[in-house]
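An overview of the molecular structure
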Amino acid sequence: MNNYEVFNCDVLVIGAGGAGLRACIGAMEKGAKVGLVTKSLLGKAHTVMAEGGAAAALGNLDTEDNWEVHFRDTIRGGKFLANWRTVEIFAREAPERILELERYGAVFDRTGKGLISQRAFGGHKYRRLAHVGDRTGLEIIRTLQDKAVSMGIFDYPELTIIRLLKDGDRISGAVGYRRMDGGIVVFKAKAVVLATGGWGRMYRFTSNSWESTGDGVVLALRAGAELKDMEMVQFHPTGMIWPPSMRGILVTEGVRGDGGILLNSKGERFMFNYVPEFYRKETAETLEEALKWVHDKKNYRRPPELLPRDVVARAIYKEVQAGRGSEHGGVYLQISHMGADYIRKRLPSMVDQFLHLGNVDITKEPMEVYPTIHYTMGGVTSDPETCATNVPGLYACGEVATGLHGANRLGGNSLSDLLVFGRRAGEAAGEYAMQNESGEISESEISEEVNLLMEPLRRESGENPYQLHTELQDTMQEHAMIARTEEGLKRALEKIHELKERAKKIAVKGDTCFNPGWHQARDIQVMLTVSEVIVRSALERKESRGGHWRLDYDLEDPYWAQHNIIARLENGEIKLSHRKVPEMPEHLKKIIEG
C-alpha cells in the first residue's frame with residue numbers, strides 16, 4: 001500500500017494542548033523541525049477547560065510558601081503514590097515556568113503590588129494558583145500557541161493518529177487519517193511526543209470533551225510502552241448535575257477557593273463531618289473560623305470545602321446516599337453570600353456559564369453539583385528527567401503521562417505540570433532527534449492498520465458504534481465510577497469483553513468523507529481498551545486510595561502504599577504486575593514529616 005501522503009519531521013508532537021505546545025517550543029529550541037498533529041483544531045484543546053489557575057510556589061501573597069511546601073502538599077495529596085523525583089522537579093521548576101509564560105505574553109491577574117496574583121485551592125497550604133480570572137487555561141493556550149506559531153511549527157489539524165510506527169525497537173513515525181476526508185497520512189519522525197491528554201468519554205457524566213477517548217495511552221501500549229496506575233481516575237467533586245444539558249460540566253474549584261460553601265438538602269455545611277485525621281490540624285474546626293478565613297488567610301485555617309478532591313467527592317457521594325441530596329441528586333454549592341460584584345469579578349466565566357446555559361444566577365442562588373469524571377492520574381510511564389518512555393524515541397508529557405499526581409491530583413497542578421514536563425519532553429525529544437538518523441517506515445504496519453480502519457465501511461450490516469458507546473458509558477458509570485466493588489468491577493469487565501467482540505462487527509454507512517460514525521467506530525475500539533485496563537487495575541488494587549475507592553476494601557493498605565500497578569500488552573493480552581514505588585531520599589522525607 002502506498003496511497004498516502006508522507007510528511008517528514010524530526011519530532012512529531014501528537015496533541016495541541018498546553019503540554020504539546022510547550023513540547024513544540026522545547027524541541028524547536030533544540031533545532032528540530034517539529035510537526036504538530038491535533039485531533040481537533042489548533043486552540044481548541046482540553047487545556048482551555050482548566051479554569052482556576054496554575055500552581056506554583058511564587059509566594060506573592062503568602063511569603064512563607066516555597067517549593068518544599070508545594071512538594072509536601074503534592075506528595076500528601078497524591079497519597080504517597082507519586083514518583084518523588086517527578087514531584088521534586090515539578091515543585092522546583094513551576095515558578096520559573098510561570099514567569100517564562102509571562103515573558104511569552106501571558107497576562108495574569110495582579111496583586112496590589114503589581115505581582116502575579118495567586119488563589120487558594122484545595123489541598124494547597126498557601127495561596128498558590130496564578131490565575132487569569134477563571135479563564136487561566138484559555139490564556140495559557142493562547143500564549144503558547146502564539147509562541148509556537150511564531151517559531152514555525154508545522155500544524156496538521158483534524159487528524160487522528162491510529163498507530164505509532166517502529167523500526168525494530170525504536171519509533172520511526174506514525175500513521176493517521178484526516179477526519180475531513182479520510183485521507184491517510186504518514187509521518188516520518190525520529191522522535192514522537194505524546195501529549196494527547198486524558199480520557200473520560202467512556203463515562204456517561206464527564207467534564208471531558210469529545211477528543212478525550214484515550215488515544216495516547218493505547219498508541220503507547222500497542223507500541224510496547226508501560227502504563228501505570230490506570231485505576232486512578234479523578235472524580236472532581238463539583239460537576240454540574242442540573243440542568244440535564246450541562247450535566248458533568250465542571251464548576252471550578254475556584255468557587256470554593258473564593259468563599260463558596262457546600263450544603264446538603266437540610267442546609268447543613270456537611271464537610272465539617274468529613275475531615276480526615278490526616279488533615280485535621282490544617283482545617284478550620286468551626287463555621288466561625290471558616291468564615292474568617294475568607295478575609296484573613298494568614299491567621300485562620302482553610303475551610304473543609306478545600307480538602308483534596310478525593311475527600312470532597314466521597315463526602316458528596318455519602319451525603320446523597322444518606323438521603324440528604326439536592327432535588328436532582330447532588331448537593332448545593334453556594335457563593336451568593338459573597339456579593340454579586342465580588343463574584344462577577346472573580347468568577348466571570350462561572351457567572352456566564354450558569355446564567356446563559358443553565359438559567360441559574362449564581363450571584364443569587366446556589367448551584368447543584370455532583371462528582372464528575374475530570375482527570376486521569378494514571379497513564380504512560382515516563383522518566384522524570386526527560387519524559388522518555390521505555391520505547392526509544394517515544395516521550396510522554398501532560399495528562400497522558402503519569403508519576404506526578406499519585407492517587408489524587410491537587411487542583412492547579414495540571415497546568416503547571418504541562419509547562420514543566422512539556423518543556424522537558426520537547427527538549428529531550430529534540431536532542432534525541434538531532435543525535436539520531438531517521439528509522440525505516442514499515443509498509444506492512446501501515447497496511448495492517450489502514451485495513452482495520454476501513455473494515456466498518458466494508459460491512460453491509462452490523463453493530464452500531466454509538467450503541468456500543470452508550471452501553472460502555474452506562475457500564476463504566478455504574479461499576480467503575482467513584483464507589484467500586486469487586487462484584488461491580490467484574491460485571492464491568494464481563495460487559496467490556498462482550499462489547500469488544502461486538503465491536504469487531506461494527507458496520508458504518510457512507511464513505512470516509514465527513515463521516516462521524518466512522519470516526520466513532522475507531523474511537524470505541526480505543527475506549528474499550530482503555531476501559532479494560534482501568535477496570536482490571538481497579539480489581540487488582542484491593543484498597544482505597546485517592547481517586548480509587550473500593551467499598552469492599554475501604555481502608556488504605558500499607559502494601560499498596562508502596563506499589564504501583566504496571567500494565568503492558570503481551571501477545572495482544574493486557575498483563576498486570578506490581579512495581580515498588582521508588583524510595584524517597586532522607587532529606588525529602590524530612591520535608592514531608594515537617
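Everything that follows concerns the structure shown earlier in this document.
Here we summarise the structure given alongside this text. Residue numbering note: each chain is counted from 1, following its sequence as written. Since the coordinates come from a predicted model, pLDDT governs what is reported: local features require at least 70, and pairs of side-chain atoms require 80 or more to be given and counted, while whole-chain, interface and lining totals use all residues. To get the side-chain values, take all heavy atoms of the structure and skip hydrogens and water.

Looking now at the environment of A480. Here a strand is any run of E in DSSP of at least two residues, a helix any run of H or I of at least four, and the numbering for each starts at the N terminus. Among the structural elements, A480 can be located in the loop between helix 13 (465-479) and helix 14 (486-503). Put simply, A480 and A492 are 12 residues apart on the chain and 7.3 Å apart in space, counted from C-alpha to C-alpha. In what follows, a contact means two residues having at least one pair of non-hydrogen atoms within 4.5 Å. In this view, A480 contacts Y203, F235, T475, L489 and V535; residues no more than four positions away in its chain are not counted.

This next bit is on the sheet that holds strand 4 (residues 118-119). As summarised here, the arrangement of the three strands in space is 3-5-4, forming an open sheet in which the pairing is antiparallel. The sheet is open, and its two borders are formed by strand 3 (54-55) and strand 4, each paired with just one other strand. Two strands are counted as paired when DSSP detects at least two bridges linking them. With two bridges joining them, strand 4 and strand 5 (residues 129-130) adopt antiparallel strand pairing. The partner of R119 across the bridge, within strand 5, is L129.

We now examine the side chain of E319. Inspection of the secondary structure puts E319 in helix 8 (residues 309-321). In this view, E319 contacts N264, F270, Y274, R324, G325 and V331; residues no more than four positions away in its chain are not counted.

Before going further, it helps to examine the packing of aromatic side chains. Stacked, edge-to-face and tilted labels apply to pairs of Phe, Tyr and Trp rings (six-membered ring for Trp) whose centres lie within 6.5 Å, assigned for plane angles under 30 degrees, over 60, and everything in between, in that order. The tally for this structure, following the rule as stated, stands at 12 aromatic pairs. Ring centres of F278 and Y279 lie 5.0 Å apart, and the angle between their planes is 85 degrees; this geometry places the pair in the edge-to-face category. In this structure F278 comes out as partly exposed when scored by relative accessible area, which is 37%. Buried, partly exposed and exposed residues are distinguished by accessible area as a fraction of the type maximum, computed with a 1.4 Å probe on protein chains only: under 20%, between the cut-offs, and over 50%, respectively. Accessibility expressed as a relative area gives 5% for Y279, which makes it buried. Both rings, one in Y395 and one in Y432, keep their centres 6.2 Å apart while their planes meet at 70 degrees; by these two values the pair is edge-to-face.

For the rest of this paragraph, the subject is unusual backbone geometry. With the exception of glycine, most residues fall at negative phi, and the peptide bonds are largely trans. Cis geometry marks the peptide bond from W242 to P243, where omega comes out at 5 degrees. Mapped onto the elements, P243 comes out in the loop between strand 11 (233-240) and helix 6 (254-257). Not every positive phi belongs to a glycine, and F514 is a case in point at roughly 45 degrees. Along the polypeptide, F514 turns up in the loop between helix 14 and helix 15 (516-540). Look at F514 and you get exposed, because its relative accessible area is 64%.

What follows is about the environment of E443. Mapping E443 onto the fold places it in helix 12 (residues 443-458). Under the relative-accessibility criterion, E443 is labelled partly exposed at 34%. Spatially, the C-alpha atoms of E443 and L165 are 9.5 Å apart, while their sequence positions differ by 278 residues. Under this definition, polar contacts are N or O atom pairs within 3.5 Å; protein pairs additionally need one hydrogen-donor-capable and one acceptor-capable atom, and for neighbouring residues in sequence, both atoms have to be side-chain atoms. Polar side-chain contacts of E443 include one of 2.3 Å to the side chain of Y4.

The four strands lie next to each other as 11-14-13-12, forming an open sheet whose pairing is antiparallel. Of all the strands in the sheet, the pair left with one neighbour each is strand 11 and strand 12 (261-263). Averaged over all pairs of adjacent strands, the angle between strand axes in this sheet comes to 45 degrees, irrespective of strand direction. When strand 11 meets strand 14 (residues 367-376), the two strands line up antiparallel, connected through six bridges. Bridging across to strand 14, M240 finds its partner in V369. What counts as an axis is a line fitted to C-alpha atoms, over the stretch in contact for a helix, and the angles between N-to-C directions run from 0 to 180 degrees.

The next thing to look at is the pairing of strand 1 (residues 5-14). Two strands pair when backbone bridges link them, and strand 1 and strand 9 (residues 184-194) are joined in this way by nine bridges, in the parallel orientation. Bridge assignment links L12 to a residue of strand 9, and that residue is V192. Bridge count between strand 1 and strand 2 (residues 34-37): four bridges; the pairing is parallel. Residue pairing for strand 2: V11 is matched across the bridge by V34.

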